[in-house]
Structures are given as C-alpha cells and as structure tokens.
Amino acid sequence: LEGHWIFHSYFQKVTSGGEVKGVGKVGTFDYNTQKRKMAKPKSFKGGYSFGNLIGSPKGKAIKVLPTPKRVIIPLNGATPTVKIGDQVRAGEVIGQADLLAPLLSSISGEVARIDDEAVLIESDGKDEWISFSKFENFKRSGPKELRGILYKAGVGVGDFKLQQGQEIKLLINAVETEPYLEGNNQLLEESLEEFVIGLEVLRGALGNIPVHVGINYKSKAYKRLGQDKNWLHIHPLLPKYPQDIPEVLIRTVFGKMVQVMVLDVQGVIAAYEAVVKGKPYIERVVSLGGPAVSEPGNFRVRIGTTIGELLEGRLNDGKIPFKVIRGGLLRGEAAYMDMPITKDCGGIAVVEDSTDKELFPFANPGVEVESYSRAFLSAFLGSKRQASTKLHGAQRECVRCGYCIEVCPVRIAPIFIARYSQHGMLKEAKELGVEQCIDCGLCSFVCPSKMPLTYQIKEGRRNLKRQ
Amino acid sequence: VIKSKLESLVEELYKRSEGRERVKVLVEGLDGFLFGNSAATAQAAPWLRDGLGMQRYMILPIVALLPAALASVYFFGWRAVAIILICYLTGGLVELGFSYVRKEEISEGLLVTGILFPLTLPPTIPLWMAALGMAVGVAIGKEIFGGTGHNIFNPALVGRAFLLVAFPTEMTTKWMIPLQGGKGFFTYSPPPEAITQATPLMAMKFDSIPTPWTDLFWGRVSGSLGETSAFLLILGGLFLIATKGIDWRIPFSFIATVGLLSWVIFANPLFHLLAGGVLLGAFFMATDPVTSPIFCKGRWIFGVMIGILTVLIRAFTGYVEGVMFAILIGNMFTPLIDNLTMPKGSKIK
C-alpha cells in the first residue's frame, strides 16, 4: 500500500531541535513499514559529484561579518546618482539603470570615489539604514505594489515588467553543487520559514503564478518542506554538479528548455525581508572555503565588501602561495584583494597555487586525490580530498578516453568542438553545438591530457559571436 | 634527500641543455618521469583539475596486465621477462629517436604497448624478432601518424601483424606446453621437447580435439605469453573497468557477440571465449582509447562488429585466430563510427 500525498503543513517534526509546526511531509507513505518514502530525485545525464573537499564550509552556521570599512559597488552600466562627498545611508539609491533594479549603498558613509566601473563608499561607522514600510499583510497588496517594493529594495524580480496575458513561471534554484559554495544551502537550512514566505511574496508580485523549487533531496530543508499549497511544486534533485546552472536546472525540472525566471535562495529571502521587514537587499551570504583557509565558514557580508576584508585573519599563514578564486573552483575567476563581493558571487575559495615538485607522482596511492576516474584510493575510501590549482600531469595529445563526453551536462562532444574552435572551423563547431556550452568547466576538469577544453570552447563561441 | 638531489640534477641538466632544443626534450622527458610535470598549474577556469594525469592513466593497463605477465613467467620461464624487457628497450629507443627529431616530449603511450605487444607473442619467439616487431609497431603503427593520439591502428597489433606475415613459421607453429607447479620461476626457458605443441584453437580446428574449459580458465594450455590464463585476464579487465581505465561497453559487447555467434556456428561458446586471444583482445586491445570509438553508441557498434569478424575469421578462413585482424579492421572503421554517432547540437534533450 503505497499511499497518497499528505497535505498538512509546511514543516515536519524535526527531532534535532528544529521548529515543530505540524507534521506534513513530501513523498509517499508506506503503511507496511510505517515509513515515508521520499520522492525519487530528478537528475540529468553527465555531471559529476565532487567528493568531500578539505576546508569545505558545508554545514557551518552563518556568521555576520562586521560592517566593512569601505564598499565598492560595481555600476554594471548604471549611471551614478550621487556625487563625491555625498553622505549616504545603507539602502540609499546611488545609481540608476534603465532595466535593472537601482544600485543601493550597502553601508552608511561618504562617497569617496566614482569612476566608470564602480562607486566607492567609505564607512562612517554609524551604520544607519534606510527603512521601508513593512507589509506584514502583503497578501492584500496587488502585484504592482509588491513589485514596486521589491524594485526599491533591489530584488531582481522588482524590475520585471509583467505583460498582459504573458504566462511566466518562477523557478527557485535551491541546490548548490560547486565545490566550496555552500552559502545558499546553509541559508536555506537556517531560514526555511522565511524562504517559504518569500515564495509567497514573489508569487504575489508576479500575479499568483505557480512556483517551482528545485532542491537538494538530501538536504534537511527538503525533508522539512511541506507541500500543502497547490501553487508550490517541489522538485527533489540529486546534488550533482552542475545542477545549479539554469540551463541544466530548467531541463531537469521541466524536461525541456522553457521560458522561466530563475532565482536563487538569497533572492527569495531578500524578497521576504524587503516586503515583510522593510529591509533593502544589501547583504548576502557568501561561503569562504579552501585548504588555505584557517576558518572555513559562511558569512553574511554587505554587498560590495572587498575580498581582502573577508579574508583578513582567516588564512593559514603558510609559506605556500595561494590563489583566491571568486565564485566556485569550476566557474570562478582569479580574484585580487580589492575585488568586491557582488550579488552574483556565491563564495570565495582559496587554494594552494604551488609549483612544488612531487617525486614519482604516478605512484601516489592517492588517499586525498579528487578524481573522476577511480584510479586512486580516495574513490574507494571516500576520504577527504585536497584541492589545489595543480594540473596533476603534463599537457598531452588527446587519447580519446571519452571522459569529457561522459561528463558533459549538455551532451555535446567537448573535444571535437574544442578542436574545431582551435582550428577556426566555426561552422563545424556550431553544428556540433558550440553555443550550447554552459561553461561548467567539467571537460577541462576531467581531461587526463590536461587540455584547456573549456577555454578553447569559450574562445570558439566568442569568435562565432564576433562573426 | 633523494628528491632534492634529483631535483637539483634535473635543474642542472636543464641549464646544460639551454639552447639545444633536442636535448632539452630528453631532459623534459626525464623530468616528467621523475616529477610528472607537477609544476604546471591551472591558468584559467576551472581552477581545480582531476588528479588523474596521462602517466597514471597509462599505468592502469600495466597494473591490470601484471598478473598475466607473472603467469607467463610461471608457465614459460624467465625468458618471458627478457622478451618484455627487450620490447620496452626497443620501443623506448624508437620513441627517443622520433622525439629527438620532432622536438616533442616522449608520450606515455609506449608504457602500454611495451607490455601488451610481448604478451601476444609465442614464448619461443627469438628475441631479435620481438624487438623488430616492437620497432615496427611503434614506428609504423604509431609514430608516423604523429605519435600517441593520432594513430589509426593499435601499435601492438600492427607489430604482431607484421611478424605474422613476415615470419609465419615462428609465429604460428612453435608453441610450448606450459610448465606447471612453479617450475617456471626456476627456469629460463622450457626444455626443447616441450616445443611444437598445437594451441587449443588449432587442435579444435584441425583435429577437432576440444580442450577442457578448466584448463583454458586457469591457463594450463599452450599459446601466446599472456593469453593462456583466462582467469587472470578477466581479473585484470575487471580492475580496469573498476578504475575507469576502460569503458565496459566494448569488452561486454565483444565477448557477448563472440559467445552468441560461436554458439550458433560451433555450438561451443565457452571454448571460443576462453581459447585464443578473445579475452586479451576484449579487455586490453579493443579498448585502446586512441583506436576505438569515443561515443557510447559507437562503442557498442565497434564491439559487436569485431565480435562478428572474430568468429567469421575463426570459422571460415584459413587462419586459426581472428581477434587480431578483427580489431585491426575495427580500428579502420573507428573514424567512420565516430562521425556517424557524433552528437549534434540540435539533438540534445
């Protein structure tokens, strides 16, 4: 007797100190074993689940970083509305763009510098906030009013112009899979109730549309999240990289590519805070991880905080040189200390960047090696893995092992496309789907010949666009 | 201590080879052997790279072949090791020559060919003949196409095909009764009276004498150095599949096709699976990544194709064994199969 869905309440009883609010759950109930079977998680072909990396901020409670001394707010094409010397409060508009939400100051202080790229604000140490009016009964407000509030607070949906008769869907990305990125996962665990209210706010703001949530089926949040609302569709997902890239997420959830708005957990929580608490979206949870970090964790930081300020006092003082990566290890970019943390940044990873030599590396039993193949002991021991920028081998000709084709999440043939791109055969590269590449970086990661496939494909795509 | 001494030695060699590019290539080869070029770091995203490099990837088949290589000593004496060593030596010299001329580093592909090729030879093969076969295999089978990654045919099989055509007597008539009970570890080579024993496939084809499958399974039969014990070959093959050194699809489809077809044609599938080179070919030859299809669908086609060819050659031609020719013919089809099974951008779900 595999039974029916129980629609009861948001939250299941949590044994370990969690909030008790009813007993509703997702899944089917087996009367024989008196146990609940969770719905089978959806996934996609290809991809790779990274092992347990050393220095991961997974499960670390969110800490609030002290108000930074200065913030750098990138303009991203917006025009600044403040002048040098202006006093601003946290949440005040400092820039306007045509299509996007306004730029907000994330601290109170003085505008110290403005250039083509960014606005720099020096803190006055007072941390005064602009507060908006609170709408605790937001259900009575119309979509237009809600969008107005979200727009003012700098939440992504606020700038969305709803057209008459346009059918839109909202998809929430609640599965974070890249190594060392845990901010969204942790925030979801800690603020599940706010998350659900945030969903209601967003739904209201977009005209009572259905909301889809793609969520890691292993997370506690998924087990606690009920499904008592007919507009809320929860899709349990395998936490396999790159499940959180929108193209892959949409295909996994809907089975095909559709027009849909994708928001991450922070966007939903920001919508809740903007409408219910009257708080502008000027903070963000980022994770800090990596073997070179002495204290990995998740931090609530003001948007625009420099990476240097986040890293201060949190690095190992080892003699080994390290590399700071903004974003994940697969898709991130090399960062410098003055780079700001922006709205699209999930975390900072700091890994060793050593050129130290290792004698007979091929004979290494590999207890700490991260590898797609199972050629190392770590594959059988399930031990913690070390991350560094080492290539672990020399660049060689392709031996056609087929790993890149196996892992490609969009099912194209990376090695062939990379070759065509390298030789300027863009027509052929296009035929094989060069434009579908989502830059997940897995083909470069797995390649035993250490070919820079992702980079070559990116180059091909860039050349194709230029034509 | 050893590490730092070797490091300074390599640095010294680098300094001395300054300006002489051809010599520098050799030093780089030594550096790569000792330190695996671990100095290189990622310059662009992704910043994290897989721990598996080409050296480790190419060592996997050697580890998988070690049991079979040890068994060849057990059955045929220490001469088996001499044959393997001379093959590595010749292959290494040929590679060195090509890398010196081409100013390119020596590639790791030789590691596999150097052990795979001798294991396909009869135990009585003269050493010079083994060396010649290896030289032909590496030079004509691989290097003239541009080195590892560019070759069309499996180099080990090219060498063997050359020897089979050039020296048919040595390659097909001089077999040996295997030694038993560990005697092989105390002899260089079996006594002369052990020579000229027909292989199980020959006995079956010409005299219709079947060999018990237990003998074939454990290896108490005459044959090439590495193909006698089915058990050890399966063990090595499973190791390769478990470590992702090879894809399971090719050996599976190859073995299944041979079993099915020989059941139809000879009504004796087990004998045809265990006798001869089917297992060695299925796990170690047909799966050579460079010369076999790269897409899953293509690997199925490839396995079935060489399976059919193997049984057809065994059943209807003058040759007793068909695995080698079947795989070589399959190699020719690899580019075509790849083209036909190439995923197109529009087909993605």
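In what follows, the structure referred to is the one given above.
The structure contained in this document is the topic of the report that follows. Predicted model only: the values in this text are computed from it and were never measured. (Residues numbered from 1 in each chain as written. Chains lettered and ligands numbered in written order. Predicted model: local features only at pLDDT ≥ 70, side-chain atom pairs only at ≥ 80, totals over all residues. Heavy atoms only, no water.)

1. Some remarks on the side chain of Arg-326 of chain A
Residue and element names in this part refer to chain A. Looking at the secondary structure, you find Arg-326 in strand β17 (residues 322-326). Overall, Arg-326 belongs to the buried group, its relative accessible area being 15%. A polar contact of 2.6 Å, which involves the side chain of Arg-326, links it to the side chain of Glu-333. Within the local environment of Arg-326, its side chain forms a polar contact with the backbone oxygen of Pro-340, the two atoms lying 2.7 Å apart. For Arg-326, the residues in contact, after removing those within four places along its chain, are Ile-307, Gly-332, Glu-333, Ala-335, Met-339, Pro-340, Thr-342, Cys-345, Gly-347 and Ile-348. (Helix = DSSP H or I, 4+ residues; strand = E, 2+ residues; numbered from the N terminus. Buried < 20%, exposed > 50% of the residue type's maximum accessible area, 1.4 Å probe, protein only. Polar contact = N/O pair within 3.5 Å; in protein donor to acceptor, adjacent residues only side chain to side chain. Contact = heavy atoms within 4.5 Å.)

2. A few points about the pairing of strand β7 (residues 93-96) of chain A
Residue and element names in this part refer to chain A. Relative to β7, strand β5 (residues 79-80) is paired through two bridges, and the arrangement is antiparallel. What sits directly across from Pro-80, in β7, is Gly-95. Pairing geometry for β7 and strand β8 (residues 103-104), over two bridges, is antiparallel. Residue Val-93 lies in a different strand from β8, and its bridge partner there is Leu-104. (Pairing = 2+ DSSP bridges.)

3. Let's talk about the pattern of salt bridges
Here the structure, examined in full by the defined rule, presents 25 salt bridges over all chains. Between Arg-314 of chain B and Glu-321 of chain B there is a salt bridge, with its nearest N and O atoms 2.9 Å apart. Look at Glu-321 of chain B and you get partly exposed, because its relative accessible area is 23%. A single salt-bridge network, built from bridges that share partners, covers Asp-127, Glu-273, Lys-279, Glu-283 and Arg-302 of chain A. (Salt bridge = Lys/Arg side-chain N within 4 Å of Asp/Glu carboxyl O.)

4. What about a nonpolar patch on the surface?
A grouping of Leu-260, Trp-263, Val-264, Ile-265, Val-304, Ile-308, Leu-312 and Phe-316 of chain B is seen on the molecular surface, where their side chains present a nonpolar patch of about 790 Å² in accessible area. Residue assignment for the nonpolar patch shows that the elements contributing at least two residues are α12 (249-265) and α15 (296-316) of chain B. (Patch = residues over 30% accessible without salt bridge, like charges linked within 9 Å, V, L, I, M, F, W, Y side chains within 5 Å. Areas by Shrake-Rupley, 256 points an atom, 1.4 Å probe, with all protein chains shown as cover.)

5. As for the interface of chain A and chain B
Taken together, the contact pairs 72 residues of chain A with 59 residues of chain B. When the two sides are added together, the surface that chain A and chain B hide from each other amounts to roughly 5,700 Å², 59% of it contributed by carbon and sulfur. It is Lys-357, Phe-362 and Arg-400 of chain A that lose the most area in chain A upon contact with chain B, and together they represent 15% of the buried surface on that side. On inspection of chain A and its partner chain B, the count reaches two salt bridges. A salt bridge links Glu-108 of chain B to Arg-396 of chain A; the nearest nitrogen and oxygen atoms lie 2.7 Å apart. Remark: the boundary between chain A and chain B carries 22 residue pairs in polar contact (both at pLDDT 80 or more). (Buried area = accessible area lost by both parts, 1.4 Å probe.)

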